[in-house]
Amino acid sequence: MLGAVTDPFDAPDPAASRDAAPQYVLPLVVRVERAAPPGRTDAMETAARAVLTLLADPRSADGGEWAQAVAAWEDARIRKVVRRARGAEWRRAEALPGITVHGSGAPGAAGSGTAGGTAAGEAAAGEADAAPRPAAEVRVYPPVPLDGWPKDLARLQVSGTDLDDPAEPPAPEPGTPVLWVNPDLGMSAGKAMAQAGHAAQLAWWELDAAERAAWAERGFALAVRTAPAAAWAELAGSGLPVVRDAGFTEIAPGSCTVVADLPALRSARR
């Protein structure tokens, strides 16, 4: 095992009590219009922020209307599934209870998106030969039973969700939380979005109330970047939160996919 974190994303263990619990899944839907898809990095960052936005929402807290579903989800294997929608599919998906989080439209402009119904600002220009992309839009829903997806979400496509970046994402600003992706794993955009959401959640669990509130005030600013190959082993073994995938799709069980590198968590480990 790389790192010291044991978490609900560990490879399957038949003896684990979480496997005996009813299984829930957190649905996320990304808007992918045929002629104007979002950038890959913007979509990953927006998915991670969507997970955090749901966790911080009062409806997910004790006594909230989503609290029971969130608790049942967190008591079992914490699964996330990203589906894609466009046109009328997206409009139907937006009509269901949930939260839409908007990205930046720029390649890797960490933390400049918005949550809720407010549209993101103008897309920043990429390199001279790179066309700007629309801001990513990701809608997150309260957890549902594994076999109990709402009809308008169940019919959406889950496989083949892939995106690219119009330009190389810039280096994260100093002090920005970074979710480092394993450079040796080839994951679809949908899979990578779910993994980024896992990493954001692991980081959230390790923060205290004041640190969570401070992050929320900054709009859950974060960056998702592919780790340099030479730095990955050190990151994965640093003691920072590490996502170890259960291997249900695309990659082998136990694969380390993302490291959550937050300044607050680094300070706590010194």
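So, how was this worked out
Residues numbered from 1 in each chain as written. Predicted model: local features only at pLDDT ≥ 70, side-chain atom pairs only at ≥ 80, totals over all residues. Heavy atoms only, no water. Helix = DSSP H or I, 4+ residues; strand = E, 2+ residues; numbered from the N terminus. Buried < 20%, exposed > 50% of the residue type's maximum accessible area, 1.4 Å probe, protein only. Areas by Shrake-Rupley, 256 points an atom, 1.4 Å probe, with all protein chains shown as cover. Phe/Tyr/Trp six-rings, centres within 6.5 Å; stacked < 30°, edge-to-face > 60°. Lys NZ or Arg CZ within 6 Å of the ring centre and 35° of its normal. Pairing = 2+ DSSP bridges. Axes fitted to C-alpha atoms, helices over the stretch in contact; angles between N-to-C directions. Contact = heavy atoms within 4.5 Å. pLDDT = per-residue confidence, 0-100.

1. Structural notes on the overall build of the protein chain
Assigned secondary structure in the protein chain consists of nine helices and 10 strands. Counting every position in the protein chain, which comprises 270 residues, the buried fraction comes to 51%. A total accessible area of about 11,900 Å² is found for the protein chain, and carbon and sulfur atoms account for 52% of it.

2. What about the environment of Leu202?
Considering the arrangement of structural elements, one finds Leu202 in helix α6 (residues 189-206). Owing to a relative accessible area of 4%, Leu202 belongs among the buried residues under this scheme. Sequence spacing of Leu202 and Ala260 is 58 residues, and the spatial spacing of their C-alpha atoms is 7.5 Å.

3. Looking at unusual backbone geometry
A positive phi angle is found at Phe220, which is not glycine, with a value near 55 degrees. With respect to the helices and strands, the residue Phe220 is situated in the loop between α7 (209-217) and β8 (223-226). For Phe220, a relative accessible area of 5% puts it in the buried group.

4. Examining the packing of aromatic side chains
Summed over all chains, the structure comprises two aromatic pairs. Between Trp215 and Phe220 the ring centres are 5.7 Å apart and the planes differ by 80 degrees, which places this aromatic pair in the edge-to-face class. Across the pair, exposure class does not vary: Trp215 and Phe220 are buried alike. An aromatic cluster of at least three residues, connected via ring pairs, comprises Trp204, Trp215 and Phe220. Sitting above the plane of the Trp149 ring, Arg83 keeps its charged end 4.2 Å from the centroid.

5. Considering the pairing of strand β10 (residues 256-261)
The buried fraction of β10 amounts to six of the six residues, a majority that puts the element mostly inside the structure. Sheet topology places strand β7 (residues 178-181) next to β10; four bridges connect them, and they run antiparallel. By the bridge assignment, Val181 is partnered in β10 with Val258.

6. Thoughts on the sheet that holds β7
The strand order β8-β7-β10-β9 describes an open sheet built from four strands, whose pairing is mixed. Looking at which strands have only one partner, the edges of the open sheet turn out to be β8 and β9 (242-244). On average, adjacent strands in this sheet sit at an angle of 20 degrees to one another, irrespective of strand direction. Packed onto the sheet, helix α2 (residues 40-56) meets β7 and β8 and runs at close to 130 degrees relative to β8. Of the strands in this sheet, β7, β8, β9 and β10 touch α6, which is tilted by about 40 degrees from β10.

7. Regarding the pairing of strand β3 (residues 99-102)
The alternating pattern of β3 places Ile99 and Val101 and Thr100 and His102 on opposite faces, both of which are buried. Pairing analysis gives four bridges linking β3 to strand β5 (residues 137-140), with the strands arranged antiparallel. When the sheet's bridge partners are listed, Ile99 is paired in β5 with Val140.

8. Structural notes on the confidence of the model for the protein chain
When the pLDDT values of the protein chain are averaged, the result is 85; 81% of them are 70 or greater. The low-confidence segment residues 1-7 (pLDDT under 50) makes 18 contacts with residues lying over four places distant or belonging to another chain. Ignoring residues within four places in sequence, the model shows residues 117-129, a span with pLDDT below 50, making 17 contacts including any to other chains.

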